[in-house]
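The residues making up each chain are set out below.
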Amino acid sequence: EPEVTQTPSHQVTQMGQEVILRCVPISNHLYFYWYRQILGQKVEFLVSFYNNEISEKSEIFDDQFSVERPDGSNFTLKIRSTKLEDSAMYFCASSDTGRYTFGSGTRLTVV
Amino acid sequence: QKEVEQDPGPLSVPEGAIVSLNCTYSNSAFQYFMWYRQYSRKGPELLMYTYSSGNKEDGRFTAQVDKSSKYISLFIRDSQPSDSATYLCAMSAINNNDMRFGAGTRLTVKP
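Residues numbered from 1 in each chain as written. Chains lettered and ligands numbered in written order. Predicted model: local features only at pLDDT ≥ 70, side-chain atom pairs only at ≥ 80, totals over all residues. Heavy atoms only, no water.

A. Region of the structure containing the sheet that holds strand E3 (residues 19–24) of chain A. Residue and element names in this part refer to chain A. On the basis of which strands lie adjacent, the open sheet formed by four strands has the order E1-E3-E8-E7 and antiparallel pairing. Only two strands of the sheet have a single neighbouring strand rather than two, namely strand E1 (5–7) and strand E7 (65–68). Between one strand axis and the next, the sheet turns by 20° as a mean value, whatever way the strands run. Bridging between E3 and strand E8 (residues 75–79) involves five bridges; their strand directions are antiparallel. Across the sheet, residue Val19 finds its bridge partner in E8, namely Ile79. (Pairing = 2+ DSSP bridges. Helix = DSSP H or I, 4+ residues; strand = E, 2+ residues; numbered from the N terminus. Axes fitted to C-alpha atoms, helices over the stretch in contact; angles between N-to-C directions.)

Here it is in structure tokens:
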């Protein structure tokens, strides 16, 4: 069964550093998403991406965040100047007909 | 009022019990209703996907949507210890590209 692949599985970074989280969506999907889940809290929508541009974004997704599809297969989330409160699981998802498939997530720890 | 409300539990039942999980929502534009299962430190896994109102059955799982009451349910029959996980309801509107999650209900099925 097709999978959404995320790398790395765990990223530790110092406060103030920039991180790039990587995702390989399912190849024939057209919509891509990033979600965040702070430990013990709900899964929160960050951003959706379609046709090489952002289609929706939440209030969480401010200027600190950016997304990119640098080639035909990868979908990245960049977090600039990381803060302690950015520590969370970050999930990538892709969909075709509204059925989302999630990756296993990247655990980001900001120290 | 939160857009999607879900009792976080925890919920503990004996093996073989029928489990009932519920969510309410406030946005009448929601048309797609999903249930996800999430194991610890893993990404959400799609269990059930329903469009508009009605029932859907898949093995031991039954999803119900009552749009008039803005209420959705997931029933698990003959629950097994392997069903122990967090169950997340999620929903989205037609032509919207962001899916909103409930807080998730942590379920434990005891042998």
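Now that the structure is up, let's keep going.
B. Structural detail: the nonpolar core. Counting 24 residues, the largest nonpolar core has Trp35(B), Ile72(B), Leu74(B), Ile76(B), Tyr87(B) and Met91(B) as its most contacted members. Those elements that place two or more of their residues in this core are strand E3 (19–25), strand E4 (30–38), strand E5 (45–51), strand E7 (61–66), strand E8 (71–76), strand E9 (85–93) and strand E11 (105–110) of chain B. Core analysis: the next-biggest nonpolar cluster, separate from the first, contains 22 residues, Val19(A), Phe61(A), Phe75(A) and Val110(A) among them. (Core = buried A, V, L, I, M, F, W, Y, C linked by side-chain atoms within 4.5 Å. Buried < 20%, exposed > 50% of the residue type's maximum accessible area, 1.4 Å probe, protein only.)

C. Structural view of the state of the cysteines. Scanning all chains against the criterion turns up two disulfides over all chains. With its sulfur 1.9 Å from that of its partner, Cys23(A) forms a disulfide with Cys92(A). One disulfide, between Cys23(A) and Cys92(A), carries an S-S torsion of -65° and so falls in the left-handed class. Within this pair, whereas Cys23(A) is found in strand E3, its partner Cys92(A) is found in strand E9 (residues 88–95), the two being separated by 69 residues in sequence. According to the relative accessible area criterion, Cys23(A) is buried, its value standing at 0%. Between Cys23(B) and Cys89(B) runs a disulfide, and the two sulfur atoms are separated by 2.0 Å. Taking the torsion about the sulfur-sulfur bond, which here is approximately -100°, the covalent link between Cys23(B) and Cys89(B) counts as left-handed. (Disulfide = S-S within 2.5 Å.)

As far as function goes, none of this settles anything; it's purely spatial.
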